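The lines below spell out each chain.
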Amino acid sequence: MMADSKAKTRVAVAGLGAIGTDVAKALDQGIEGLTLVAVSANSPDKHRGWVAELKSAPKLVPIEQLAEVADIVVECAPSKLVRSIVAPVVERGKTAVVLSVGALLQNEDLVDLARAHGGQIIVPNGALIGLDAVTAAAVGTIHSAKLVTRKPVAGLVGAPHLAENNIQIEGITEPLRIFEGSARDAAKGFPANLNVAVALSLAGIGPDRTRVEIWADPTVTRNTHRIEVDSDSARFSMMIENIPSENPKTGRITALSVIACLRKLRASLRIGT
Ligand SMILES: NC(=O)C1=CN([C@@H]2O[C@H](COP(=O)(O)OP(=O)(O)OC[C@H]3O[C@@H](n4cnc5c(N)ncnc54)[C@H](OP(=O)(O)O)[C@@H]3O)[C@@H](O)[C@H]2O)C=CC1
Ligand SMILES: O=C([O-])CC(=O)C(=O)O
């Protein structure tokens with residue numbers, strides 16, 4: 001019998017909502033080289049039942065303990081918690097997979113912290129398409145990058161930009177453009193809705209030069225993102241129409257993107273940049 005020569009990398013999941021639950025279950029089902037050791041939620045009691053039924057139940061612990069017990073921490077919690085989840089991970093030279101990407105703009109020093117301690121922050125494609133092509137184009141020169149997002153009203157209600165500008169979207173019968181500006185401003189005005197804008201900007205030409213349009217669209221049932229990039233190597237546009245998960249702000253493909261990203265970490269064949 002061959003000995004298992006490679007020790008498994010310990011993974012923890014911070015947040016057990018639309019994304020974290022699927023990621024935790026996929027890790028429990030088995031991802032090559034990885035083992036789920038801990039999870040965190042705001043109301044642990046709500047999750048004890050299904051967590052205990054996993055094949056190999058992880059510990060349910062407060063987020064402060066995750067960096068200690070895991071080598072990789074997957075952040076899929078509210079954006080205000082990004083700093084407290086990610087800083088202790090990268091400070092220990094470990095890896096944080098970040099979903100609340102918008103919050104990285106208010107916490108840019110986390111990247112410096114990772115650099116100083118040999119840690120890493122990974123931002124998966126998440127709900128977006130084409131970050132592989134954008135990072136490739138960014139090796140050359142990108143002239144312009146734009147994101148046009150259309151969401152059903154339920155995917156946008158509660159965004160601070162709407163209240164601050166007195167924009168009513170409930171009951172609209174036609175598409176309404178509710179924002180046009182930089183990815184930085186989109187992230188401020190729509191912290192739970194526009195992680196994709198920030199991900200695009202970090203892959204390409206940064207949050208101030210990346211342009212964003214947001215539409216509240218009662219004619220769509222899916223969160224729709226179109227990116228348009230013009231560079232010295234290629235011009236491309238791509239669109240993705242995401243089926244919402246049980247959280248209408250979050251597309252189903254987001255959790256799958258994290259699972260695919262985790263699979264790539266130890267895969268013998270790795271496709272895509
Ligand atoms: N990068 C991308 O493409 C995308 C990013 N996102 C972002 O990912 C993040 C997660 O999204 P989603 O899964 O839909 O969110 P949900 O609202 O469905 O889940 C959030 C989870 O965080 C948990 N939580 C809240 N407070 C704490 C706390 N103090 N300690 C530990 N856990 C806590 C909640 O716990 P409980 O269950 O107990 O309430 C819940 O399980 C969001 O910031 C979202 O904006 C979303 C979609 C795409
Ligand atoms: O489309 C989605 O699923 C979520 C989204 O826009 C984001 O978080 O940026």
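Residues numbered from 1 in each chain as written. Chains lettered and ligands numbered in written order. Predicted model: local features only at pLDDT ≥ 70, side-chain atom pairs only at ≥ 80, totals over all residues. Heavy atoms only, no water.

By the naming in an unreviewed UniProt entry, the protein goes by L-aspartate dehydrogenase and is assigned to Bradyrhizobium elkanii. In its Function (unreviewed entry) section, the UniProt record describing the protein reads: "Specifically catalyzes the NAD or NADP-dependent dehydrogenation of L-aspartate to iminoaspartate." UniProt, in the comment section headed Sequence similarities (unreviewed entry), describes the protein in these words: "Belongs to the L-aspartate dehydrogenase family." (UniProt positions renumbered as here; feature names shortened; annotations may be inferred.)

In terms of burial, helix α9 (residues 195–203) is a largely internal element, 8 of the 9 residues being buried. Here α9 has its buried residues at Asn195, Val196, Ala197, Val198, Ala199, Leu200, Ser201 and Ala203. (Buried < 20%, exposed > 50% of the residue type's maximum accessible area, 1.4 Å probe, protein only. Helix = DSSP H or I, 4+ residues; strand = E, 2+ residues; numbered from the N terminus.)

This brings us to the nonpolar core. It is characteristic of soluble globular proteins that their nonpolar side chains tend to be buried jointly. In terms of nonpolar packing, the biggest core is built from 60 residues, with Leu147, Phe190, Leu194, Val212 and Ile214 touching the most fellow members. Counting only domains with at least three residues in this core, you end up with domain 1 (9–126 + 253–266) and domain 2 (131–242). Not counting residues within four places of it along the chain, the set of residues in contact with valine 212 comprises Leu147, Phe179, Glu180, Gly181, Ser182, Ala183, Ala186, Leu194 and Ala197. Core analysis: the second largest hydrophobic core is formed by 25 residues, Ile19, Ala26, Ile122 and Val258 among them. (Core = buried A, V, L, I, M, F, W, Y, C linked by side-chain atoms within 4.5 Å. Domains from an automatic or database assignment. Contact = heavy atoms within 4.5 Å.)

On to the site of ligand 2. Neighbouring residues of ligand 2: Ala127, Lys151, Asn193, Leu194, Asn195, Val196, Asn223, His225, Asn242, Lys249, Thr250 and Gly251. Between an oxygen atom of ligand 2 and a main-chain N or O atom of asparagine 193, the distance comes to 2.9 Å. One nitrogen or oxygen atom from the main chain of glycine 251 is found 2.4 Å from an oxygen atom belonging to ligand 2. Out of a free accessible area of 260 Å², ligand 2 has 95% covered by protein chains. The residue inventory of the shell around ligand 2, partitioned by class, reads 3 nonpolar, 7 polar and 2 charged. (Near = heavy atom within 4 Å. Polar contact = N/O pair within 3.5 Å; in protein donor to acceptor, adjacent residues only side chain to side chain. Areas by Shrake-Rupley, 256 points an atom, 1.4 Å probe, with all protein chains shown as cover. Nonpolar A, V, L, I, M, F, W, Y, C, P; charged D, E, K, R; others polar.)

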